[in-house]
Amino acid sequence: MADETSVWDDLSSLPADPPKMREICNTCRRPATVCWCAFLPASPLDTQCRVIILQHPAEQRRCLATVPMLALGLAPGKCLIFRGKRFPQVRHEGLEEILEAPNSILVYPSNNAVTLEELPPVSETTGPYNFILIDGTWPQAKAIYHSTPLLHKLRQIKLVTGNTSEYVIRTQPTDGCLSTLETVAEVLAVIERNSYIKSKLLQPMIALCDFQLDHGAVTHQSTEFRIKNDTYPKQIEMTGSNPGQGDCS
């Protein structure tokens, strides 16, 4: 009975109220202390072109993803997100028409892709574009591309900037790889000849990286960099990795 009494005494000493939950932002769904909403454009950017994201389902669960920043940073209707592992499906209303439209461009570094600079900027002659990007890890992005025949028929562009990703809290496959947000920002800034688009879209991502680094995160070097410098824990084959495309996150 002594042991039983001791157990009940221990239980009775526990607080009756549950622990206080952290306040969560209703917009970005991040803890309020690390919310990046204040760094979004004051007014969502009403770009000429549209961005269509084909997102692997696993990306939706990532707490450090950049696509939510893109969706909130662009005006309504300028960023469409379709989720799945194969496209289009019945639930992807309107996607097939987009994929078959003559002004739709796939941002993906295939063998047939030309550089971004070879695509004519938006003008009265060319009109606006639909830029289609695959959002997922490299293996996920390649699987989506290979399982979606309509993507192979699209005009395709790739980024060859030589820039290193500023999304330093996630590991990129190679030094030239960019996050999905960075890729979109670069494409829109070049094609619409407006550097303001890039600077405004990247602000919440940079703020997020600063928040994470301040709370103990470390800067990530690319897998390619770590292999070259013999700091990667396991040597892996880099076949299939290409520069100039989102990581994609």
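Residues numbered from 1 in each chain as written. Predicted model: local features only at pLDDT ≥ 70, side-chain atom pairs only at ≥ 80, totals over all residues. Heavy atoms only, no water.

So, the packing of aromatic side chains
So, point 1. The final tally for this structure, using the stated rule, is three aromatic pairs.
So, point 2. Judged by centre distance (4.3 Å) and plane angle (15°), the ring pair of Tyr 108 and Tyr 145 falls under stacked. Here Tyr 145 lies in helix H4 (residues 138–146) and Tyr 108 lies in the loop between strand E3 (104–107) and strand E4 (114–115), a separation of 37 residues in the sequence.
So, point 3. Tyr 145 sits in the buried class, given a relative accessible area of 8%.
So, point 4. For the pair Tyr 129 and Phe 131, a centre-to-centre distance of 5.5 Å together with 45° between the ring planes defines the contact as tilted.
So, point 5. Overall, the relative accessible area of 1% leaves Phe 131 in the buried class. (Phe/Tyr/Trp six-rings, centres within 6.5 Å; stacked < 30°, edge-to-face > 60°. Helix = DSSP H or I, 4+ residues; strand = E, 2+ residues; numbered from the N terminus. Buried < 20%, exposed > 50% of the residue type's maximum accessible area, 1.4 Å probe, protein only.)

Some remarks on the pairing of strand E2 (residues 79–83)
So, point 1. Where strand E1 (residues 50–55) lies against E2, five bridges are found, and the strand directions are parallel. Each bridged residue has a counterpart across the sheet, and for Val 51 the counterpart in E2 is Cys 79.
So, point 2. Handedness of the crossover joining E1 and E2 through helix H2 (residues 67–73): right-handed. (Pairing = 2+ DSSP bridges. Right-handed = clockwise from strand over helix to strand, strands pointing away.)

Examining the side chain of Lys 78
So, point 1. Within the fold, Lys 78 resides in the loop between H2 and E2.
So, point 2. Ignoring anything within four residues of it in the chain, the contact list for Lys 78 reads Leu 45, Asp 46, Thr 47, Gln 48, Cys 49, Arg 50 and Val 51. (Contact = heavy atoms within 4.5 Å.)

A few points about the sheet that holds strand E6 (residues 155–158)
So, point 1. Strand order in the open sheet made by the six strands is E2-E1-E5-E3-E6-E4, with parallel pairing throughout. The strands lining the two open edges of the sheet, one partner per strand, are E2 and E4.
So, point 2. Where E1 lies against strand E5 (residues 130–135), six bridges are found, and the strand directions are parallel. From the neighbouring strand, Gln 55 faces E5, where its bridge partner is Asp 135.
So, point 3. Against the sheet, helix H6 (residues 180–191) contacts E1, E3 and E5, and its axis sits at roughly 165° relative to E5. (Axes fitted to C-alpha atoms, helices over the stretch in contact; angles between N-to-C directions.)

Quick word on the packing of H6 against helix H7 (residues 195–214)
So, point 1. It is at 7 Å that the axes of H6 and H7 come closest, and there the two elements cross at 165°. Of the possible angle classes, the one that applies to H6 and H7 is roughly antiparallel. As H6 packs across H7, the resulting crossing turns out to be right-handed. Note on element contacts: H7 touches H6 through Ser 195, Ile 197, Lys 198, Leu 201, Leu 202 and Met 205, opposite Leu 181, Glu 182, Ala 185, Glu 186, Leu 188 and Ala 189.
So, point 2. Within the contact of H6 with H7, the residues separate by chemical class into eight nonpolar, one polar and three charged. (Parallel < 35°, antiparallel > 145°, perpendicular 65-115°, else oblique. Left-handed = near helix turned anticlockwise from the far one by under 90°. Nonpolar A, V, L, I, M, F, W, Y, C, P; charged D, E, K, R; others polar.)

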